[in-house]
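Chain and residue survey
These are the residues of each chain, in order.
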Amino acid sequence: MKTYAGIPEENAQLETSKVVLVTVPYDGTSTWGKGADKGPELFLDASENMELYDIETGTEPYLEGVYLAGEITEKSSPEAMTDAVYQKTKELLNHDDKLFTLFGGEHSVSIGSIRAVGEKYENLTVLQLDAHTDLRPDFHGSTSNHACAVYEASKKHNLVQVGIRSMDVEEREHVNQEQCFWAHTIANNENWINDVLEKVSGNVYITIDLDVFDPSIAPSTGTPEPGGLQWYPTLELLRKVFEKCNVVAFDIVELMDSPMPKPTAFLSAKLYYKMLAYYHINK
């Protein structure tokens with residue numbers, strides 16, 4: 001039995017695990033860097049080579065259980081993939097006592113999971129950490145394109161965007177300026193984390209595109225952008241979100257295969273595990 005991070009099978013059963021993890025190795029709409037379909041494999045491999053004691057919190061999050069709920073392999077069309085993710089998320093959300101997590105794949109995989117979570121939880125905040133706005137209504141003939149990852153969420157939920165530093169002019173009309181924290185303003189605002197926290201409340205879905213980080217620490221993404229977030233300030237934000245809010249689900253996307261993917265893969269593994277630690281210490 002393959003388990004997350006190679007944890008003992010007793011900590012990887014659906015019935016007793018407090019976390020479920022779905023992987024979506026999909027890369028059907030990426031337009032530049034290809035290889036996000038290898039992201040889940042790279043993430044799981046890195047997780048198996050990671051120490052399972054978290055120094056900051058003094059905990060071993062895996063002891064609360066992480067169930068690998070399988071991978072979604074539907075790729076006949078972007079819309080079919082979105083529906084498959086939606087259906088799988090709905091199924092797993094029937095387990096009320098478990099945190100739903102997803103690892104992509106490109107960012108389009110988040111559309112279906114956010115849709116399902118939004119149907120279950122009222123007053124949902126979607127906290128997006130990303131270099132790109134991803135607010136196109138459609139792109140290349142599809143509403144399930146990676147460039148449309150949070151457009152639907154922006155119309156249905158409280159969308160808060162952090163780290164943004166790239167977008168097309170057509171997306172400008174869909175940006176809520178009061179809810180968008182541009183990377184260039186974050187760089188000059190020592191209070192940016194508290195400013196973000198003021199916009200985030202209640203039930204929260206966190207979606208993290210790894211290109212939100214500066215390419216100096218996370219180069220293996222589909223569209224790396226200069227001027228990104230650094231590791232410790234990002235963890236501080238996440239820790240405080242878990243402290244303040246009821247985080248009901250999160251995803252991490254856009255880990256790309258490359259000639260040297262291990263640094264970014266390991267960052268993603270540590271990021272996922274850190275988020276589990278923050279979740280459990282606040283329950």
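Everything here concerns the structure above.
Figured I'd write up the structure that's included with this text. (Residues numbered from 1 in each chain as written. Predicted model: local features only at pLDDT ≥ 70, side-chain atom pairs only at ≥ 80, totals over all residues. Heavy atoms only, no water.)

Re the nonpolar core
Counting 56 residues, the largest nonpolar core has Tyr4, Leu127, Val162, Ile206, Leu271 and Tyr272 as its most contacted members. Here the element with the most residues in this core is helix H8 (residues 262-281); it accounts for 10 residues. Among residues more than four places away in sequence, those in contact with Leu127 are Val160, Val162, Val196, Val200, Val204, Tyr205, Ile206, Thr207 and Val241. Counting residues in each nonpolar core, the second largest holds 33 residues, with Val24, Tyr86, Leu93 and Val109 among its members. (Core = buried A, V, L, I, M, F, W, Y, C linked by side-chain atoms within 4.5 Å. Buried < 20%, exposed > 50% of the residue type's maximum accessible area, 1.4 Å probe, protein only. Helix = DSSP H or I, 4+ residues; strand = E, 2+ residues; numbered from the N terminus. Contact = heavy atoms within 4.5 Å.)

Focus: the sheet that holds strand S1 (residues 19-24)
Pairing in this open sheet of 8 strands is parallel, and the strands run S2-S1-S3-S8-S7-S4-S5-S6 from one edge to the other. Each edge of the sheet is formed by a strand with only one pairing partner; in this case those strands are strand S2 (66-71) and strand S6 (180-182). If you compare each strand with its neighbour and ignore which way they point, the axes differ by 15° on average. Across 6 bridges, the pairing between strand S4 (residues 124-129) and strand S7 (residues 203-209) is parallel. Directly across from Val126, in S7, lies its bridge partner Tyr205. (Pairing = 2+ DSSP bridges. Axes fitted to C-alpha atoms, helices over the stretch in contact; angles between N-to-C directions.)

Description of the environment of Lys90
Of note, Lys90 is situated in helix H2 (residues 78-93). Distance in space between the C-alpha atoms of Lys90 and Ser113 is 8.0 Å, their sequence separation being 23 residues.

What about the packing of aromatic side chains?
Counted by the stated rule, this structure contains 7 aromatic pairs. Both rings, one in Phe43 and one in Tyr272, keep their centres 5.4 Å apart while their planes meet at 70°; by these two values the pair is edge-to-face. Of this pair, Phe43 sits in helix H1 (residues 39-47) while Tyr272 sits in helix H8, and the two are 229 residues apart along the sequence. With respect to burial, Phe43 and Tyr272 carry one shared label: buried. Here a set of aromatic residues connected by ring pairs shows up, and it is made of Tyr4, Phe43, Phe103, Phe250 and Tyr272. Across the ring face of Tyr121, the terminal group of Lys120 is positioned such that the distance to the ring centre comes to 5.7 Å. (Phe/Tyr/Trp six-rings, centres within 6.5 Å; stacked < 30°, edge-to-face > 60°. Lys NZ or Arg CZ within 6 Å of the ring centre and 35° of its normal.)

Some details on the environment of Asp134
Of note, Asp134 is situated in the loop between S4 and helix H4 (151-156). We classify Asp134 as buried; its relative accessible area is 7%. Sequence-wise, Asp134 and His107 are 27 residues apart; in three dimensions their C-alpha atoms are separated by 8.7 Å. Residues within four places of Asp134 in sequence aside, it is in contact with His107, Gln128, His146, Ala147, Cys148, Ala149, Val150, Tyr151 and Glu171. Within the structure, Asp134 has its side chain in polar contact with the side chain of His107 (distance 3.0 Å). (Polar contact = N/O pair within 3.5 Å; in protein donor to acceptor, adjacent residues only side chain to side chain.)

Structural notes on the pattern of salt bridges
Scanning the entire structure with this criterion turns up 16 salt bridges. The closest approach of N and O atoms between Arg239 and Glu243, which form a salt bridge, is 3.9 Å. Here Arg239 pairs with Glu243, and both are found in helix H7 (residues 231-244), just 4 residues apart, close to one helical turn. Taking relative accessible area as the criterion, Arg239 reaches 23% and is therefore assigned partly exposed. Relative accessible area serves as the criterion here: at 47%, Glu243 is assigned to the partly exposed category. The structure contains a network of salt bridges with shared partners spanning Asp54, Glu56, Arg239, Glu243 and Lys274. (Salt bridge = Lys/Arg side-chain N within 4 Å of Asp/Glu carboxyl O.)

Considering the side chain of Ser47
Following the sequence through the fold, Ser47 ends up in helix H1. In this view, Ser47 contacts Tyr4, Ala5 and Ala269; residues no more than four positions away in its chain are not counted.

Some words on the packing of H1 against H8
When two helices pack together, their arrangement is given by the angle between their axes and by how far apart the axes lie. Relative to each other, H1 and H8 sit at 70°, their axes nearing to 8 Å. By the angle between their axes, H1 is roughly perpendicular relative to H8. Taken together, the residues of H8 that come into contact with H1 (itself represented by Leu42, Phe43, Ala46 and Ser47) are Ala265, Phe266, Ser268, Ala269 and Tyr272. Of the residues contributing to the contact of H1 with H8, the split by class is 7 nonpolar, 2 polar and no charged. (Parallel < 35°, antiparallel > 145°, perpendicular 65-115°, else oblique. Nonpolar A, V, L, I, M, F, W, Y, C, P; charged D, E, K, R; others polar.)

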